[in-house]
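Structural characterization, general
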Amino acid sequence: MDILARCKAMEAQGRDIIHMEIGEPDFPAPQPIMDAGLAALHQRQTHYTSAQGLPELRAAISQDYQQRFNCPVEAEQILITPGASGAIQLVFAYVLQARKTLMISDPTYPCNRNVAQLFNAQIDAIAVDEQTDFQLGLEAVKAHWHEDVAAVLIASPSNPTGTVSKQQDLLAIADFLASQGSVLIVDEIYQGLNYASAPSSVAGLRDNIFVINSFSKYFGMTGWRIGWCVAPPAYISSLDAIAQNTYLASSTPAQYAALAAFQQDTLAIVEQRRVIFQQRRDLMCAALNDLPLHVPCIPQGAFYIYANVAAVSADSFHFCQQLLEDTGVAVTPGCDFGQQQAHHYIRFAYTNSEQRLREGMERLSVFLEGGGS
Ligand SMILES: Cc1ncc(COP(=O)(O)O)c(C=O)c1O
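Throughout, residues of each chain are indexed from 1 in the direction in which the sequence is written. With the structure being a predicted model, the display of local features is reserved for residues of pLDDT at least 70 and the display and counting of side-chain atom pairs for 80 or more, all residues being used for whole-chain, interface and lining totals.

1. Describing the nonpolar core
What counts, and what does not: Each nonpolar core comprises buried Ala, Val, Leu, Ile, Met, Phe, Trp, Tyr and Cys residues, the members being joined through C-beta atoms within 7 Å. Counts of 20 or more other C-beta atoms within 10 Å of a residue's own C-beta define buried residues, counts of 12 or fewer define exposed ones, and intermediate counts define partly exposed ones; C-beta atoms are placed from the backbone. Throughout, the edges of the domains are those of an automatic or database domain assignment. In this description, any two residues whose backbone-derived C-beta atoms lie within 7 Å of each other are considered to be in contact.
By size, the foremost hydrophobic cluster in this structure holds 105 residues, and its most contacted members are Val91, Val152, Leu184, Phe210, Ile212, Cys229 and Phe348. Residue assignment places this core across two domains, with domain 1 (2–28 + 266–368) and domain 2 (31–263) each supplying three or more. For Val152, the contacting residues outside a window of four places in its chain are Met103, Leu136, Val141, Ile173, Leu177 and Leu184.

2. Quick word on the sheet that holds strand E12 (residues 345–349)
Each strand in a sheet pairs with its neighbour through backbone hydrogen bonds, running either in the same direction (parallel) or in the opposite one (antiparallel). Basically, it comes down to this: By definition, two strands form a pair when at least two bridges between them are found by DSSP. Helix and strand definitions here come from DSSP, where helices need a minimum of 4 consecutive H or I residues and strands a minimum of 2 consecutive E residues; each element is numbered from the N-terminal end.
Judged by pairing direction, the sheet is antiparallel, and its 3 strands sit side by side in the order E9-E12-E11 without closing on themselves. The open sheet has two free edges, formed respectively by strand E9 (304–308) and strand E11 (332–333), since each of these has just one partner strand. Here E9 pairs with E12 via 5 bridges, running antiparallel. Bridge pairing links Asn308 to Tyr345 in E12.

3. Points about the site of the ligand
The line we're drawing: Note on definitions: a residue is near a molecule or strand provided its C-beta atom, placed from the backbone, lies within 6 Å of it. Three classes are used, and their members are as follows: Ala, Val, Leu, Ile, Met, Phe, Trp, Tyr, Cys and Pro are nonpolar, Asp, Glu, Lys and Arg are charged, and the others, Gly among them, are polar.
Looking at the ligand, there are 13 residues lining it, with Gly83, Ala84, Ser85, Ser214 and Ser216 nearest. Of all the elements, helix H4 (residues 83–95) adds the most residues to the shell around the ligand, at 3 residues. Of the residues in the shell around the ligand, the class split is 4 nonpolar, 8 polar and 1 charged.

4. Observations regarding the environment of Asp187
Within the fold, Asp187 resides in strand E6 (residues 183–187). By C-beta crowding, Asp187 is classed as buried, having 26 other C-beta atoms within 10 Å. Here the alpha-carbon distance between Asp187 and Phe27, two residues 160 residues apart in the chain, equals 22 Å. When near neighbours in sequence (up to four residues on either side) are disregarded, Asp187 contacts Ala84, Asn112, Leu153, Ala155 and Ile212.

Set out below in structure tokens:
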């Protein structure tokens, strides 16, 4: 937030800032989604839907799981939520009751960790590194296991590292957790943005797995605030009751707009964008390779690169501040994502045009030639 506030102040003074700190696609929502949203407004679709969400949208998501991912997800298992953020709140509200510990990786997406704290959860943040692609594996979960662990949360592809957990590894963790009366929450918000393999999902594959997803990233709908949760059937009525009492329902026009997400024309657009993200990732990784920064794991998904700056700085927060002041390049310091080696890491988001990313890399290179920070 400090970096963002400083960016805004510098822009107000006329400085040209190259944004590589922003965790949302630079593309607007695809046109068919816009058209569907506008049509919904013209048809006066402005009332509440049921808390669980528009039946047509739940049916479309269920069909997508079955057709594209071979996952046995029924429409009844899906709750439409205000973004993945709404879904995580719903699941935490239910899951973090009897037991109070959430196990997550460090580094991790900070909001999920912070929201769990709102529910008075104890956070067990387990240090992960390049040895395990910055992901929690079964070994680490078992090594840190104790009886108060209500849930393990894994984001795949991950923010901030872009690394992906294998489906069989996630299922092995889920099976271990089932034997302990605990659950696995998988944040699949970057699921569609996979550059290494066909995207997969663990939704519906075990009765102790909750999957969080959203139209924000792959479908470019951040501002519409629309996502979903796939929960095991036994939990649906409780989650529905929490939804009825907390946010009542997700945005109705956004739900109608999202109905267009699974149309062939929309999928063609978002797939083209995925290829553009992949080209940007390749460009950035190649450029960073020529600099004394180290990318320990080539990201396989999302739109982030987690780079080690230890060779040029002992304090990545100071590095980010100095880089911004001197060159106008904005990146996120590792301390946003945890404590494990955070002072050695920065996160680049390639949510900017190829031309701007190239310019950013040039400015970074000149900065480092000048001694960096
Ligand atoms: C890993 C992860 N999960 C969840 C979210 C929340 O997304 P939204 O609420 O926009 O769907 C984000 C946003 O950056 C994220 O990076």
